[in-house]
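Observations on the model geometry
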Amino acid sequence: MEEPFIIEIEPEVRLWLTNLSANDYERAAHAAGRLARCATTLDEPHSRFIGDGVRELRFEMGRNREAVRISYWLAPGRRVVLLTVFRKTRQRENAEIARARRAKAICETEHEPAHDTFIRDVWTRRLERKSHMVSHAQWKLARDRKVAESISEGEDSAESAERVRRRLELDLAWDLGQAVYDRRTALGLAQTELARRARMSQPQVSKLELGGSMPTVPLLARLARALDADFSLTPLGEGVRVSFIPHDPAHTEAATERAPASAAEAETDADAGAGAERAAATG
């Protein structure tokens, strides 16, 4: 397995991370961790190309699960540089994309690989003393530090056990969103059509695909029916693998063909029974 990419952050992203609540910071760190591990393969719904070598990392956070975008580019030396942060709005989308492209051009021509580091304690907002808000820095994620310090999660504190639980929840929500997106696009369905089939709203589908919510079991059942698939959770290490398994077309066609035949047979049996009753009555 390849080493994760290094995550580096521009001052705008750094200041934004510093001011996040603990839960929101954890969501941002989770998205960045996924990006570090899948930098060259991460695609929609979690990443989208916006031109000139710039992509946007997409996820939801906040009490109202607002859509957040972080622009980034893949720099030499297996580095991901996070450039700008913005909220998704139709009115400012083009302007934000242009701003991200300008930030990438400046970063590419003027910034060397980061020498400074940014470390934040999730729960107390305590910052590493080396942090200088005006600099381009490497973002040290919590799991990276644990590996570097050879600290196993089983030996860590109860607080870390809570972090592990939260991380697994975020992993599951992220993977579920990806599974819904993959199956929906494989069927050629728009979010509005899936929402109609599953008795949801389009914003709810969007939130689900971006890992912003964890559906109930009844909703999962509706989604599976809407996606013409079976929902599957398979244990995988400390987590689970989420998938929607398409129904077998041959099985579906056979069931469809059998249904009219069964109905016809039932109708014939009913007619025969009625005829026998009439014969008995007249006899």
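Residues numbered from 1 in each chain as written. Predicted model: local features only at pLDDT ≥ 70, side-chain atom pairs only at ≥ 80, totals over all residues. Heavy atoms only, no water.

To continue, consider the pairing of strand β3 (residues 54-61). Burial runs high along β3: 7 of the 8 residues are buried. Bridge count for strand β2 (residues 47-51) against β3 is 4 bridges, and the pairing is antiparallel. Residue pairing across strands places Phe49 opposite Arg55, the latter belonging to β3. Relative to strand β4 (residues 66-75), β3 runs antiparallel, the two being bridged by 7 bridges. Among the inter-strand pairings, Glu56 is bridged to a residue of β4, identified as Ser71. Taking the residues that link successive antiparallel strands as the turn, the β3-β4 hairpin has 4 residues, and the phi of Gly62 there is positive, at about 90 degrees. (Buried < 20%, exposed > 50% of the residue type's maximum accessible area, 1.4 Å probe, protein only. Helix = DSSP H or I, 4+ residues; strand = E, 2+ residues; numbered from the N terminus. Pairing = 2+ DSSP bridges.)

A few words now on the environment of Ala179. Among the structural elements, Ala179 can be located in helix α5 (residues 158-186). According to the relative accessible area criterion, Ala179 is buried, its value standing at 10%. In sequence terms Ala179 and Arg241 are 62 residues apart; their C-alpha atoms lie 9.6 Å from each other. Residues contacting Ala179, with those up to four places away along its chain left out, are Val242, Ser243 and Phe244. (Contact = heavy atoms within 4.5 Å.)

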